[in-house]
Amino acid sequence: GARLTLFCIGKAIGGTAQATNMRLAIAYGDEIENHTQDHAKMVTSDIPTMEYKMAAQLATVRKDLRDPSYKEYLVRPPGGAGRGNPYFWEAARVEQLRIVMWTVSSGGTSDAYSTSPARVKAIMNSVNRGMLNKSGNLIGGTIVLEHTRPADVAALPTLINEIKAKGGRFGLVGDIVGRPDAATAISPGQTTNNVTEVFAKKPELEDQQDIFNAAA
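So, here's what we can say about the structure.

Definitions and limits used
- Residues numbered from 1 in each chain as written.
- Predicted model: local features only at pLDDT ≥ 70, side-chain atom pairs only at ≥ 80, totals over all residues.
- Heavy atoms only, no water.
- Axes fitted to C-alpha atoms, helices over the stretch in contact; angles between N-to-C directions.
- Helix = DSSP H or I, 4+ residues; strand = E, 2+ residues; numbered from the N terminus.
- Parallel < 35°, antiparallel > 145°, perpendicular 65-115°, else oblique.
- Left-handed = near helix turned anticlockwise from the far one by under 90°.
- Contact = heavy atoms within 4.5 Å.
- Nonpolar A, V, L, I, M, F, W, Y, C, P; charged D, E, K, R; others polar.
- Salt bridge = Lys/Arg side-chain N within 4 Å of Asp/Glu carboxyl O.
- Buried < 20%, exposed > 50% of the residue type's maximum accessible area, 1.4 Å probe, protein only.

This part covers the packing of helix 5 (residues 117–131) against helix 6 (residues 150–165). As a packed pair, helix 5 and helix 6 sit with axes 9 Å apart at the nearest point and diverge in direction by 50°. One finds that helix 5 runs oblique with respect to helix 6. Two packed elements cross with a definite hand, and for helix 5 against helix 6 that hand is right-handed. When helix 5 is examined against helix 6, the residues Arg 119, Val 120, Ile 123, Met 124, Val 127, Asn 128 and Met 131 are found in contact with a partner set consisting of Ala 151, Asp 152, Ala 154, Ala 155, Thr 158, Leu 159, Glu 162 and Ile 163. For the contact of helix 5 with helix 6, the class distribution of residues is ten nonpolar, two polar and three charged.

Time to look at the pattern of salt bridges. Within this structure, the stated rule accounts for two salt bridges. For Asp 38, the salt bridge goes to Lys 53, with nearest N and O atoms at 2.6 Å. A residue pair is termed long-range when its members are at least 10 positions apart, and Asp 38 in the loop between strand 2 (31–34) and helix 3 (47–65) and Lys 53 in helix 3 qualify at 15 residues. The exposure class assigned to Lys 53 is buried, which follows from its relative accessible area of 16%. Note that Arg 93 and Glu 90 form a salt bridge whose closest N and O atoms lie 2.6 Å from each other. Pair noted here: Arg 93 and Glu 90 are both in helix 4 (residues 86–94), with a separation of three residues, about one helical turn.

Here it is as structure tokens:
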């Protein structure tokens, strides 16, 4: 199966049903990372508020997982907004989180509740434009962004099967970009240009720093 990197909004995951799903995800080998507590865009100069929104999300995750020591390493800014904001960089550095973006979006938030074969095909066409080269082969290190909306959920099995059929390998974002700690706190120059789920054709990626450590 495919392991996923799940960037969760704190306010969206509180509750018994979601907590159960999150614990199952961890048991299956997925990783849960930060998408802030309320999905507010990280475009302000108010560093303490941005820190709080990331810290509050982590507190919610820990409560749902029943694991007070669970550690997050990555943050995806809501809507992708703020990756060029140095105040956000500082807030993320204080929280010891690496900022990550995506390579290709499924477009699943548009007509998000349609699960028709035509909608699934449209999502796959969108993903393939960024995931495949001109020869139809997988591009190593591609990060596909999907959401937990019916359209994306319906397309996910097709996406997984296509990647497997083409000899692709699934990996967690943290395994590729690295997991910062107090000794390796990120700087703006280490902000990565990818997010969510890594689909790597090769077991190792050459020039990994060039692929993943694009400066904001």
